[in-house]
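Letter by letter, the chains look like this.
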Number of protein chains: 12
Amino acid sequence: MPDTAGMKDHVYKILDLVGSSEKSIEDAIQNAVTRASKTIREMKWFEVVQTRGHIENGSVRHYQVTLRVGFTLEE
Amino acid sequence: MPDTAGMKDHVYKILDLVGSSEKSIEDAIQNAVTRASKTIREMKWFEVVQTRGHIENGSVRHYQVTLRVGFTLEE
Amino acid sequence: MPDTAGMKDHVYKILDLVGSSEKSIEDAIQNAVTRASKTIREMKWFEVVQTRGHIENGSVRHYQVTLRVGFTLEE
Amino acid sequence: MPDTAGMKDHVYKILDLVGSSEKSIEDAIQNAVTRASKTIREMKWFEVVQTRGHIENGSVRHYQVTLRVGFTLEE
Amino acid sequence: MPDTAGMKDHVYKILDLVGSSEKSIEDAIQNAVTRASKTIREMKWFEVVQTRGHIENGSVRHYQVTLRVGFTLEE
Amino acid sequence: MPDTAGMKDHVYKILDLVGSSEKSIEDAIQNAVTRASKTIREMKWFEVVQTRGHIENGSVRHYQVTLRVGFTLEE
Amino acid sequence: MPDTAGMKDHVYKILDLVGSSEKSIEDAIQNAVTRASKTIREMKWFEVVQTRGHIENGSVRHYQVTLRVGFTLEE
Amino acid sequence: MPDTAGMKDHVYKILDLVGSSEKSIEDAIQNAVTRASKTIREMKWFEVVQTRGHIENGSVRHYQVTLRVGFTLEE
Amino acid sequence: MPDTAGMKDHVYKILDLVGSSEKSIEDAIQNAVTRASKTIREMKWFEVVQTRGHIENGSVRHYQVTLRVGFTLEE
Amino acid sequence: MPDTAGMKDHVYKILDLVGSSEKSIEDAIQNAVTRASKTIREMKWFEVVQTRGHIENGSVRHYQVTLRVGFTLEE
Amino acid sequence: MPDTAGMKDHVYKILDLVGSSEKSIEDAIQNAVTRASKTIREMKWFEVVQTRGHIENGSVRHYQVTLRVGFTLEE
Amino acid sequence: MPDTAGMKDHVYKILDLVGSSEKSIEDAIQNAVTRASKTIREMKWFEVVQTRGHIENGSVRHYQVTLRVGFTLEE
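What counts and what doesn't
- Residues numbered from 1 in each chain as written.
- Chains lettered and ligands numbered in written order.
- Predicted model: local features only at pLDDT ≥ 70, side-chain atom pairs only at ≥ 80, totals over all residues.
- Heavy atoms only, no water.
- Helix = DSSP H or I, 4+ residues; strand = E, 2+ residues; numbered from the N terminus.
- Polar contact = N/O pair within 3.5 Å; in protein donor to acceptor, adjacent residues only side chain to side chain.
- Contact = heavy atoms within 4.5 Å.
- Buried area = accessible area lost by both parts, 1.4 Å probe.
- Salt bridge = Lys/Arg side-chain N within 4 Å of Asp/Glu carboxyl O.
- Least-squares fit on C-alpha atoms with pLDDT ≥ 70 in both.
- Buried < 20%, exposed > 50% of the residue type's maximum accessible area, 1.4 Å probe, protein only.
- Pairing = 2+ DSSP bridges.

Going by an unreviewed UniProt entry, chain A carries the name Dodecin flavoprotein and comes from Bradyrhizobium jicamae.

(A) Spotlight on the side chain of Q50(H). Mapped onto the elements of the fold, Q50(H) is located in strand β2 (residues 43-56). Within the local environment of Q50(H), its side chain forms a polar contact with the side chain of E47(G), the two groups lying 2.9 Å apart.

(B) Inspection of the interface of chain A and chain K at higher detail. Contacts between chain A and chain K engage 17 residues on the former and 16 residues on the latter. At the boundary of chain A with chain K, total buried surface from both sides reaches about 1500 Å², with 55% on carbon and sulfur atoms. Looking only at chain A, the three residues that lose the most surface to chain K are R52(A), I55(A) and G58(A), adding up to 40% of its buried area. The interface formed by chain A and chain K holds 1 salt bridge in total. Across the pair E47(K) and R52(A) runs a salt bridge whose closest N-O atoms are separated by 3.6 Å. Where chain A meets chain K, there are 7 residue pairs in polar contact (both at pLDDT 80 or more).

(C) Just the relation of the copies chain A and chain L, in detail. Between chain A and chain L, which share one sequence, the superposing operator has a rotation angle of 120 degrees and an axial displacement of 0.0 Å; the RMSD is 0.0 Å. As the rotation angle and translation indicate, the two copies are arranged about a three-fold axis. Rotation axis and chain A: the residue whose C-alpha lies nearest the axis is I25(A), separated from it by 5.0 Å. Here only 12% of the contact residues of chain A are again contact residues in chain L; the copies associate through non-equivalent surfaces.

(D) How the structure looks around the pairing of strand β3 (residues 59-72) of chain C. Residue and element names in this part refer to chain C. Summarising burial for β3: 12 of the 14 residues are buried, a large majority. Sheet topology places strand β1 (residues 12-21) next to β3; 10 bridges connect them, and they run antiparallel. Looking across to β3, one finds that L15 is bridged to V69. Joining the antiparallel neighbours strand β2 (residues 43-56) and β3 is a turn of 2 residues, in which N57 adopts a positive phi near 50 degrees.

(E) Spatial organisation of the side chain of S21(C). All names here are of chain C. Turning to its location among the elements, S21 is positioned in strand β1. Using a relative accessible area of 5% as the deciding quantity, one classes S21 as buried. From its side chain, S21 meets the backbone nitrogen of K23 in a polar contact 2.9 Å long. In this structure S21 touches D27, A28, N31, H62 and Y63, once residues within four positions along its chain are discounted.

See below:
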């Protein structure tokens, strides 16, 4: 929730993404951010909205994390 | 909520839409999806966020359904 | 959620209702609106708050939909 | 939400189910109830928790409804 | 949440009330229902929305319970 | 949230209203309260449930605030 | 919410129940637990999800409490 | 939710507490307030956030209630 | 929440934005709308999702308001 | 929601406050922050949790805003 | 949230579990799934409902994750 | 959510904290707990309220986790 004063004049747009990974929740977050960064450059922060995943034969097969990502419109 | 393993490597982007119909809730959902499919091809799933509508002279005039729609970024 | 500018000066009162129907969710909504229209004339919009129902012998017997209904106080 | 007095001494167990249908939200609810009724006889009521669905080629392919179903433990 | 089949054709109106009591949460609920029954006869069910209270000199002075109360419009 | 002891024996009824204003959120609240005070005298408190508004030509045209208003039944 | 370290290696299963009582909210909780204990032995904790009830002739006839109950799978 | 005018100029600080009791929900609330009153004098109101408890041998052993407590900073 | 009948055939897309202002909550809303209107013409309504802000030396330095903005896809 | 990188190593403590004002929502926020700044120096951000108020004789008498305020523990 | 078309005819049952681990959130999820797989074979997906844990001497001692797990009734 | 009987007579105070880490969500939790343990000794449990983070140049720069932490007042 914390903000800093240096960023206070920006208008942010928020994008909702779902990333996935077989390794970890953190890796699923990074995969979503990496993919989105191909078209959106000024992403600044994210918030985890939901954490889910698939199970195969009694093992977690991969994680799926829904993110809200904020990026500045000035860029 | 269920997912299948075959789709696990995708990154999804989520789009929020409001569709409407005079006939039914299902038709309002389809109208939103039809309209969005003109510019977004790889829509895969939706989730109903809110169901509302208008009333005229004591009758439901039409339904308005807010959807979250997921589509793959790979396309 | 959408509003139009033409209605912007009204004050609305909100009424919570539960309607039911053996046929469909849409019909339960209409039944609640029809019944309320006997005493309230200027109902303008509704929002579905909850969808429930009864089961008898393994079949859905009827639907029960809780609505918030807005009507203008000017009437 | 309404209850009646005649059922007041029961203890209910709640079961969460996901049903699906290509036709309608109501049909997805009934499909979940039908399938569950093979092993649970005294289902009494349900509540819709979430409505979702799949999209193929710009059309809603089927609906997926998550239900909470209450049944009496006395049976 | 449970409903019974015998009441399925009613339309309910929902009223929000706040009752209070120095004795207990149950007594605050009853006080709100008693007061409302002076003008509304066919109240059928209630749901507790919030439980609050006042403190004086380190003791709970009384409880304040917000209820949603459903009553039939047929009466 | 704070309450005071002096009001502890009242039963409150809660009314949901939507007010609007071209000026400010505060003015939209006051407009709803002013309109409701024509028929309800003993309104005591309000709670903001939702803040919305209309946009015309890239400018906020007016604010729409949904309130819960509590008033004593003793009057 | 508090947990203690001694129970940290367990896997819990959660069961949702609705209990009722004419006496009090606490008694409705106990009735649900008593009934469930006939088939589930290692119940450890509960959480109240919803408190509701029936009204007859302007009096609370009984309370209905929805619980989440956790029990260990090791037993 | 109700407030009174006499307290309107205060700034409140809110403290979250968990109290417990073997007797009742009300007693768990009082126990939390009693304990907190050793260091905080001007507690004015509380709100119940969560009601939980422990089960031993199929009986509710005690209740655990999470409270938000407001007190004035002027003292 | 209110809608009017004249807008019932539109499909809306919803965009999430964060605007900020040193002056007021209303000004932060307008700043977000103004910035978004550079690329989106047919914005019709907004809903406030969250109100936050920065503090410097014990004073509110500016407000940050997260909005959901609806615009018609027909344009 | 936005954060900046420059503040990323801090641990924040969050404090919940209620401020009030006869003038505006913004003024109620500032009053809470001003009062808290007497004992807490490094407050950095706030989030509005609830907006309420009192009504007297059909007019809003003052606003009451519940805030979550974050401050750094390093100071 | 994403689903795939291949699984569309199933009815799922949802089970709520709490798993724990001294290592990580992901390990707590896997432990719950491993334990449940002893009696339930066709688990397909999970959703994280709550993440909690114990603290001993100022260190996180272990994580406790509450999951909703979906499995097909066809098996 | 699980509790054990041995801790049932305590009153807990709840503290909200935000911790951060460049490594993982678990490390951000531990950093908040470590920092708080300098002044609070008897922390017993935590609950994750929100998971957020910063992005720089298309990579997650660090995680920010908001916790509720319970500690006994007896110490």
